[in-house]
Amino acid sequence: MADFTAQARRDDLYAEVAQQYGSALERLARGYEGDRDKRRDLVQEIHILLWRSLDRFDGRCSLRTWVYRVAHNAATSLVLRRRARLPTLVGLDEVAEMSGTIDAEERANRQHALARAGVLLEFSADLFEQVGVAGGEQDVCAGADEVGGDFWQSRSLGPRRQ
């Protein structure tokens, strides 16, 4: 019987999340995915991960924080999976080693790619500020890091509370 009540609680929480944050999740997905069909897939994946994660939601952070954390992790994992499939990305050490072997156009392209990566990192930090995830609440909600991708399983964004 306890399993049934836990599932009912999860379903009720999900209904609340879908109604309260559905349009915000679509806006968030639009920031990560420009293609309409792929964006729909991303929103669907976010909703599935949210529904699955609500069993672990224990109220140590706000529901809003949990929702945005799971959604951000899902979207970021998508970006990282895509990036892993790109054969043209190289590490900074490799760029330094090849600096004498590439032409000026290629060097400019790589500098541009590095600048875009920096913008993505800043965007992620700004996103958390905009949705109201404060430093203390980021770590309290660390359980949400387990949802949306294996990259985020051991990471937290803020200092631990004492």
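What you see is a predicted model; the values in this text were computed from it and never measured. (Residues numbered from 1 in each chain as written. Predicted model: local features only at pLDDT ≥ 70, side-chain atom pairs only at ≥ 80, totals over all residues. Heavy atoms only, no water.)

Visitor: Is there a simple way to think about the packing of helix α2 (residues 36-53) against helix α3 (residues 63-85) in this case?
Guide: Each pair of packed helices can be summarised by the angle the axes make with each other and by the distance between the axes. Look at α2 against α3: their axes get within 9 Å of each other, and the N-to-C directions meet at 130°. The angle between α2 and α3 falls in the class oblique. The hand of the α2/α3 crossing is right-handed. Side by side, α2 and α3 meet where Lys38, Leu42, Glu45, Ile46, Leu49, Leu50 and Ser53 of the first sit next to Trp66, Val67, Val70, Ala71, Ala74, Ala75, Leu78, Arg81 and Arg82 of the second. (Axes fitted to C-alpha atoms, helices over the stretch in contact; angles between N-to-C directions. Helix = DSSP H or I, 4+ residues; strand = E, 2+ residues; numbered from the N terminus. Parallel < 35°, antiparallel > 145°, perpendicular 65-115°, else oblique. Left-handed = near helix turned anticlockwise from the far one by under 90°. Contact = heavy atoms within 4.5 Å.)

Visitor: What exactly am I supposed to notice about the pattern of salt bridges here?
Guide: Counting across every chain of the model gives four salt bridges. Across the pair glutamate 45 and arginine 81 runs a salt bridge, and its minimum N-O distance is 3.5 Å. One end of the pair, glutamate 45, is in helix α2; the other, arginine 81, is in helix α3, with 36 residues separating them in the sequence. The exposure class of arginine 81 is partly exposed, given its relative accessible area of 37%. (Salt bridge = Lys/Arg side-chain N within 4 Å of Asp/Glu carboxyl O. Buried < 20%, exposed > 50% of the residue type's maximum accessible area, 1.4 Å probe, protein only.)

Visitor: What should I look at first to understand the packing of aromatic side chains in this one?
Guide: The geometry of two aromatic rings is summed up by the distance between their centres and the angle between their planes. If you walk through the whole model with that rule in mind, you get two aromatic pairs. Ring centres of tyrosine 21 and tyrosine 68 lie 6.2 Å apart, and the angle between their planes is 75°; on these two criteria the pair is classed as edge-to-face. One end of the pair, tyrosine 21, is in helix α1 (residues 2-32); the other, tyrosine 68, is in helix α3, and 47 residues separate them in sequence. Relative to tryptophan 66, the ring of phenylalanine 57 lies with its centre 5.5 Å away and its plane at 65°, an arrangement referred to as edge-to-face. Each member of the pair, phenylalanine 57 as well as tryptophan 66, carries the same accessibility label: buried. (Phe/Tyr/Trp six-rings, centres within 6.5 Å; stacked < 30°, edge-to-face > 60°.)

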